[in-house]
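# Structural description and commentary
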Amino acid sequence: MDNGPEDSTLRYLRKLDEKFDRMSDRIDDVFVRVNSVEMRLNSIDKNISNIYDPIGHHSQKFDRVETDIKLIKKRLDLVEV
């Protein structure tokens, strides 16, 4: 039985409340998923830095070896000065 505008308003407000609850649940789910993505990206970033740090270290070693070879060649008069 419809008791006029008051009943209609209460029904409308209840429907709105249900919709807001569903939206809140979905937003919570999105936050959880975004957190998961952030954690995975951080893990990937750490893995990438673990790969590039040794490469940089080896590059410096190769530079030093190259310099040493040049000095040896120079001392042995294998290169024109």
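Notes on the structure follow. For clarity, every value in this text was computed on a predicted model and none was experimentally measured.

Secondary structure assignment for the chain yields one helix and zero strands. Relative to the compact-globule value of 12 Å for 81 residues, the chain shows a C-alpha radius of gyration of 34 Å, a clear excess of over 25%. Oriented by its inertia axes, the alpha-carbon framework of the chain measures out at about 110 × 20 × 10 Å. Buried positions account for 0% of the 81 residues belonging to the chain. On the chain, roughly 8200 Å² of surface is accessible, and the fraction owed to carbon and sulfur atoms is 57%. Within the chain, one finds 15 positive and 17 negative side-chain charges whose respective centroids are separated by 6 Å.

Given a rise of 1.5 Å per residue, 71 residues ought to cover 105 Å, and the 103 Å separating the end C-alpha atoms of helix α1 (residues 5-75) matches this to within 8%. Looking one or two places after α1, you find D77, whose phi comes out positive at around 60 degrees.

On to a nonpolar patch on the surface, then. Together, V37, L41, I44, I48, I51, Y52 and I55 line one region of the surface with nonpolar side chains, adding up to about 690 Å² of accessible area. Positionally, V37 belongs in helix α1. Judged by its relative accessible area of 45%, V37 falls in the partly exposed class.

On the surface, D17, E18, D21, D25, D28 and D29 cluster together to form a negatively charged patch. For E18, a relative accessible area of 47% puts it in the partly exposed group.

You will see that D77, though not glycine, has its phi angle at about 60 degrees, which is positive. By relative accessible area, which is 64% here, D77 ends up exposed.

Cut-offs and rules
Residues numbered from 1 in each chain as written. Predicted model: local features only at pLDDT ≥ 70, side-chain atom pairs only at ≥ 80, totals over all residues. Heavy atoms only, no water. Helix = DSSP H or I, 4+ residues; strand = E, 2+ residues; numbered from the N terminus. Rg over C-alpha atoms; globule rule 2.2 N^0.38 Å. Buried < 20%, exposed > 50% of the residue type's maximum accessible area, 1.4 Å probe, protein only. Areas by Shrake-Rupley, 256 points an atom, 1.4 Å probe, with all protein chains shown as cover. Lys, Arg positive; Asp, Glu negative; His and termini not counted. Charge placed at Lys NZ, Arg CZ, Asp CG, Glu CD. Expected span 1.5 Å × (residues − 1). Patch = residues over 30% accessible without salt bridge, like charges linked within 9 Å, V, L, I, M, F, W, Y side chains within 5 Å. Salt bridge = Lys/Arg side-chain N within 4 Å of Asp/Glu carboxyl O.

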